[in-house]
Amino acid sequence: MNGNFSPAAKRYSVRVIVLSLIYCAFLLPAVYAFKHHLIGGGLAWVVAVLPALPIVGIFAAIGLYLVEETDEYLRMMTVRQTLWASGIMLSLATIWGFLESFDMVSHIPAYWASVLWFAGLGIGAFINKLTIGRG
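Residues numbered from 1 in each chain as written. Predicted model: local features only at pLDDT ≥ 70, side-chain atom pairs only at ≥ 80, totals over all residues. Heavy atoms only, no water.

> I would appreciate a short explanation of the packing of helix α3 (residues 52–68) against helix α5 (residues 112–131) in the present structure.
Pairs of packed helices are described in terms of their axes, by the angle between the two and the distance that separates them. The N-to-C vectors of α3 and α5 enclose an angle of 35°; their axes lie 12 Å apart at closest approach. You can see that α3 and α5 cross each other, and the crossing is left-handed. Along the contact surface, α3 presents I55, I58, F59 and I62, while α5 presents S114, W117, F118 and L121. In the contact of α3 with α5, the residues fall into seven nonpolar, one polar and no charged. (Axes fitted to C-alpha atoms, helices over the stretch in contact; angles between N-to-C directions. Helix = DSSP H or I, 4+ residues; strand = E, 2+ residues; numbered from the N terminus. Left-handed = near helix turned anticlockwise from the far one by under 90°. Contact = heavy atoms within 4.5 Å. Nonpolar A, V, L, I, M, F, W, Y, C, P; charged D, E, K, R; others polar.)

> Teacher, can you tell me more about unusual backbone geometry here?
Excluding glycine, a negative phi dihedral is what most residues carry, and trans is how most peptide bonds are arranged. At H37, a residue that is not glycine, the phi angle is positive and equals roughly 55°. Within the fold, H37 resides in the loop between α1 (7–35) and α2 (41–49). Residue D103 is not a glycine yet carries a positive backbone phi of 55°. Summarising the element assignment, D103 is placed in the loop between α4 (72–101) and α5. Overall, D103 belongs to the exposed group, its relative accessible area being 69%. (Buried < 20%, exposed > 50% of the residue type's maximum accessible area, 1.4 Å probe, protein only.)

> Just to check I follow, could you spell out the packing of α3 against α4 for this structure?
Here α3 crosses α4 at 150°, and the two axes come no closer than 9 Å. If you check the angle between α3 and α4, you find them roughly antiparallel. Like other packed secondary-structure pairs, α3 and α4 cross with a definite hand, here left-handed. Residue-level contacts link I62, Y65 and L66 of α3 to L74, R75, T78, V79 and T82 of α4. (Parallel < 35°, antiparallel > 145°, perpendicular 65-115°, else oblique.)

> Would you mind going over the packing of aromatic side chains with me for this structure?
One pair of aromatic rings is described through two measures. These are the centre distance and the angle between the planes. This structure, assessed with the given rule, holds five aromatic pairs. Measuring from ring centre to ring centre gives 5.3 Å for F59 and W117, while their planes differ by 90°; the resulting arrangement is edge-to-face. On the criterion of sequence distance, the pair formed by F59 in helix α3 and W117 in helix α5 is long-range, its members being 58 residues apart. On the accessibility criterion, F59 (34% relative accessible area) is partly exposed. Between the aromatic rings of F59 and F118, the centroid separation amounts to 5.4 Å while the plane-to-plane angle is 15°, which identifies the pairing as stacked. Placement of the pair is F59 in helix α3 and F118 in helix α5, with a sequence separation of 59 residues. Counting every residue linked through ring pairs, the aromatic cluster contains F59, W117 and F118. (Phe/Tyr/Trp six-rings, centres within 6.5 Å; stacked < 30°, edge-to-face > 60°.)

Okay, here's the thing in structure tokens:
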């Protein structure tokens, strides 16, 4: 989000920190378990999905922030930021998908879409900073 900390932004920050810690708590053991072939079957499916759930939670936290934020300007800046992130990620995924279909590039795991989206949030925040005060 941005540098102003409204009550909604503070709640958002706490949610993201907690979810990030949960992500680490799920990811590190999952990587270890798969690297050392400690699990299989149905449990492997559960363990493989667990690290994704806090990331989904962060997406939900952003949505909750947009609902809870009462400052229309802050909400609009966050919407702009998420639109930049979405546009960047979808554009890159589409371009890469066509390149991959024509055997121009190798396959990239799908979880990179969320990594790109989060990077796009940073780009969107930077663009917001550049355009503040322009009509």
